[in-house]
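If you want the building blocks of each chain, they are given just below.
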Amino acid sequence: MSEAGGGRGFGSSVPQRAPWSLVAATAALCLVSATSVWTAGASPMSREEKQKLGNQVLEMFDHAYGNYMEHAYPADELMPLTCRGRVRGQEPSRGDVDDALGKFSLTLIDSLDTLVVLNKTKEFEDAVRKVLRDVNLDNDVVVSVFETNIRVLGGLLGGHSLAIMLKEKGEYMQWYNDELLQMAKQLGYKLLPAFNTTSGLPYPRINLKFGIRKPEARTGTETDTCTACAGTLILEFAALSRFTGATIFEEYARKALDFLWEKRQRSSNLVGVTINIHTGDWVRKDSGVGAGIDSYYEYLLKAYVLLGDDSFLERFNTHYDAIMRYISQPPLLLDVHIHKPMLNARTWMDALLAFFPGLQVLKGDIRPAIETHEMLYQVIKKHNFLPEAFTTDFRVHWAQHPLRPEFAESTYFLYKATGDPYYLEVGKTLIENLNKYARVPCGFAAMKDVRTGSHEDRMDSFFLAEMFKYLYLLFADKEDVIFDIEDYIFTTEAHLLPLWLSTTNQRLSKKNTTSEYTELDDSNFDWTCPNTQILFPNDPLYAQSIREPLKNVVDKSCPRGIIRVEESFRSGAKPPLRARDFMATNPEHLEILKKMGVSLIHLKDGRVQLVQHAIQAASSIDAEDGLRFMQEMIELSSQQQKEQQLPPRAVQIVSHPFFGRVVLTAGPAQFGLDLSKHKETRGFVASSKPYNGCSELTNPEAVMGKIALIQRGQCMFAEKARNIQNAGAIGGIVIDDNEGSSSDTAPLFQMAGDGKDTDDITIPMLFLFSKEGSIILDAIREYEEVEVLLSDKAKDRDPEMENEEQPSSENDSQNQSAEQIASSSQEVDLVDQESPEESPLNSHPESLSPADTDNAASISPSEQNSNPTENHETTSLDGECTDLDNQLQEQSETEEDSNPNVSWGKKVQPIDSILADWNEDIEAFEMMEKDEL
Ligand code: DMJ
């Protein structure tokens, strides 16, 4: 295929409206061949080093795949901490995440084409035989149509694509007779009933055995689906049609795409996150490039590449233009409202958007790709992994990281486009981090909290389908892969589909689609691949020069979303009221607020909240003033929260046989040694007597020089700390007395002092919930000597310990059992995916009775902060980056209380339109935080 396009590299161009076979071929070349352009910049990586890293990727894959096959197969996924298979129904439900599991050996199918890319042809042959022998697609289980399509249908088609390629080469797979394709077709037919809606958008779930309609199906009542869920089918479905000649699949996927296109918001050209599959109404009207929408855009561009249909490129270009106009705020990509695209819908980004720079490379828009990728890399350098969500000032919003591959994907495509060895170094860091922080004896474990390094008992199939492919290909030279990767396109799950499908069974063409294209002004569309001479204008340091200003973006700078407000402030008139001067009792101030469209709402619990509606402001200048005022108020609140909130800490068990692999998420204390400022504290643990630590210890000899374990309750935390410190302890761990409590299910809090001066407490104190605490208590029972490390973040495993544990398999099994102990109590109850927000660390002073505790909680600093109007005298705002979440939350929580009839100034809107506008906002705000990843 690489020759078919009539030339290599960005220099080749395509005539406007070229015959689509040529377009498909050449568009694919947009991303492949700039490597030769690179001549300077970061030092080139030697062939030896690249090979070494490639081999490391192979070894890591063997570790992940080998453990899955040995300990989990035929289950869908490996649980790497407990070293067993995840069988749906046998583990506590994780909600939507489990909808990917159909009892069809998901990880094996998702890994098929990775085996060939990684040159493991023999293993591929074995794996295909296992799939044909063992996999049943007719299970009575409700699965996600989207996940089943991208992982299973895609996996079977990718496997088939490479099986026929190998067969043609004449050595392997000679026995193969399209069996994977037959399975794919069977699965395709199983998914079709999902499309039985008037809109043509598929139901989000289907029962593999009973479909949708039958009562036994236990599904089919859903009304909504995500845009990506309905818009990420065309590659697999069209490939299935073209491989088999059965056009129905491509037809259905096209119809769903046509419908989404019709429903785009016509003035912004954006789509929302969730849509009603029956009415086509947008259910969630926020719009970004991450969770819920991501691969819809990806599939429009790739459908053009694979199928050569101009209409897909037209649609993609229209959306892309809107994305770059509203969502892209380089280096950030921030969600906006489809109806009000100048209004940010949130001030945090999710990890799924990390694929976008890779897509921009395919589109040929390299500069913003470099910028966003660099920003993401800075976040990774800070946290070792990309947290599931992070704020515009790069704080962790959702702390998990399920080993997602999107950043590796973008790194690979950027390297292909620029040839800049910098991206090889980035890949090397990813490999190092995976080995240091995610590798466990039985595979690789997802991060439960990137801040502390704690694990989740989870290794998703996409880790094998995608991560290892992109990392391997990053370091591979052409001869390291047994086929020409440029003959294929990657699906969103990195499955490979051959580009020759564009000229096969092309019975469905544009005429079958329903959309009107003539209305579009496509004069600015790129119909050609970009030219490297323009991308890198005689400057081999081009990519580096784009990255350079972003080098410290995470550590230092305020993001543009915030700067926008500051800019408007700088250029605007004198502000009528500064947030820090505001007094809720001053009638003049209230009048100014009203003019700015800001309402003051007294909540039942005595708190006061502020809400701004720009449309209620007297003028657009007043609206801007109102926005700035709200911004300042949030800064006040945010700064106070920052001052009063400490991040969680880590208790890491470092002694045999844990060797640092067990990391427990712990709550900090507002007194004693601050572990973020000082070196970590390491020591053996000992239980104090009395266990509650509320009086002078009777066993000082046992805790002397050790980290004392104390039970929560009966007295203040500070009192416990003083008692163990007096007995000579070097640190303390308070263990919750509420049996079964866990950081999985309860928000962490920080231990507050006792209201007196606590400067006398100099040892570090951490808090563990009961489940985490019992891991240490169990370990003491089993191993007697248990050494732990108290720190702000888990440390890499002790190299000396590593040497001890090498390579004895006996030790390995001990390590596993250690992990099992940990996971049995710490990791089994999984976080509800629907509420994965970062737990704010409220503070608790310990108290004598539950009643006292409740009382204390009601005056917690976090609650005081939720009423910024009462803190008007405190803070200076200079140089602070802020988070708008509070503002949005406040809006969502209080809009119903606002008075819709109030309207000031010139722009009087009819009440109906104001109400409609409000309802729209309320819905969007309410939905916003319920993101389904
Ligand atoms: C993968 O399953 C696919 O890439 C999907 O499009 C979204 N992301 C996951 C992995 O993070």
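My aim in this report is to walk through the structure given alongside it, one point at a time. Predicted model only: the values in this text are computed from it and were never measured.

Details of the sheet that holds strand β27 (residues 731-735)
Phase 1: The sheet built from 7 strands is open, its strands ordered β24-β23-β30-β25-β26-β27-β29 with mixed pairing. Taken across any chain shown, the strands that pair with only one partner, and hence form the sheet edges, are β24 (662-666) and β29 (765-768). Strand after strand, the sheet turns through a mean of 35 degrees between neighbouring axes, direction not considered.
Phase 2: Of the strand pairs in this sheet, β27 and β29 are connected by 4 bridges, and their pairing is parallel. By the bridge assignment, Gly732 is partnered in β29 with Met765.
Phase 3: The strands touched by helix α24 (residues 770-783) within the sheet are β23 (649-653), β24, β25 (681-687), β26 (707-711), β27, β29 and β30 (787-791), with β24 carrying the most contacts at an inclination of about 140 degrees.

Describing the site of the ligand
Phase 1: As a matter of local geometry, the ligand sits amid Ile150, Leu352, Arg404, Pro405, Glu406, Phe462, Glu466, Thr492 and Glu493.
Phase 2: The contact in question runs from an oxygen atom of the ligand to an N or O atom on the side chain of Arg404, over 2.7 Å.
Phase 3: Here an oxygen atom of the ligand and a side-chain polar atom of Glu406 are 2.7 Å apart.
Phase 4: Protein coverage of the free-state accessible area of the ligand, which is 290 Å², stands at 93%.
Phase 5: Grouping the constituent residues of the shell around the ligand by class yields 4 nonpolar, 1 polar and 4 charged.

A short note on unusual backbone geometry
Excluding glycine, residues mostly have negative phi values, and the peptide bonds linking residues are mostly trans.
Phase 1: The omega torsion of the bond from Tyr73 to Pro74 falls at 10 degrees, within 30 degrees of zero and hence cis.
Phase 2: Mapped onto the elements of the fold, Pro74 is located in the loop between α2 (47-72) and β1 (77-79).
Phase 3: The omega torsion of the bond from His656 to Pro657 falls at 0 degrees, within 30 degrees of zero and hence cis.
Phase 4: Positionally, Pro657 belongs in the loop between β23 and β24.
Phase 5: Residue Phe659 is not a glycine yet carries a positive backbone phi of 50 degrees.
Phase 6: For Phe659, the position within the fold is in the loop between β23 and β24.

Points about helix α11 (residues 310-327)
Phase 1: In this model, α11 (18 residues) spans 24 Å end to end at C-alpha, consistent with the 26 Å of a helix rising 1.5 Å per residue.
Phase 2: Across the 18 residues of α11, 15 count as buried, placing the element largely inside the fold.

Structural notes on the packing of helix α3 (residues 106-117) against helix α4 (residues 121-134)
Phase 1: For the pair α3 and α4, interaxial distance at closest approach is 8 Å and the crossing angle is 155 degrees. Regarding the angle of α3 to α4, the classification is roughly antiparallel. Handedness of the α3/α4 crossing: left-handed. Between α3 and α4, the residues in contact are Leu108, Ile109, Leu112, Leu115 and Val116 and Thr121, Glu123, Phe124, Ala127, Val128, Lys130 and Val131, respectively.
Phase 2: Grouping the constituent residues of the contact of α3 with α4 by class yields 9 nonpolar, 1 polar and 2 charged.

Here we look at the pairing of β25
Phase 1: Summarising the sheet, β25 and β30 pair through 4 bridges and their orientation is antiparallel. Residue Phe684 lies in a different strand from β30, and its bridge partner there is Glu787.
Phase 2: Pairing between β25 and β26: 3 bridges, direction parallel. The partner of Ser687 across the bridge, within β26, is Leu709.

Conventions adopted
Residues numbered from 1 in each chain as written. Predicted model: local features only at pLDDT ≥ 70, side-chain atom pairs only at ≥ 80, totals over all residues. Heavy atoms only, no water. Pairing = 2+ DSSP bridges. Helix = DSSP H or I, 4+ residues; strand = E, 2+ residues; numbered from the N terminus. Axes fitted to C-alpha atoms, helices over the stretch in contact; angles between N-to-C directions. Contact = heavy atoms within 4.5 Å. Near = heavy atom within 4 Å. Polar contact = N/O pair within 3.5 Å; in protein donor to acceptor, adjacent residues only side chain to side chain. Areas by Shrake-Rupley, 256 points an atom, 1.4 Å probe, with all protein chains shown as cover. Nonpolar A, V, L, I, M, F, W, Y, C, P; charged D, E, K, R; others polar. Expected span 1.5 Å × (residues − 1). Buried < 20%, exposed > 50% of the residue type's maximum accessible area, 1.4 Å probe, protein only. Parallel < 35°, antiparallel > 145°, perpendicular 65-115°, else oblique. Left-handed = near helix turned anticlockwise from the far one by under 90°.

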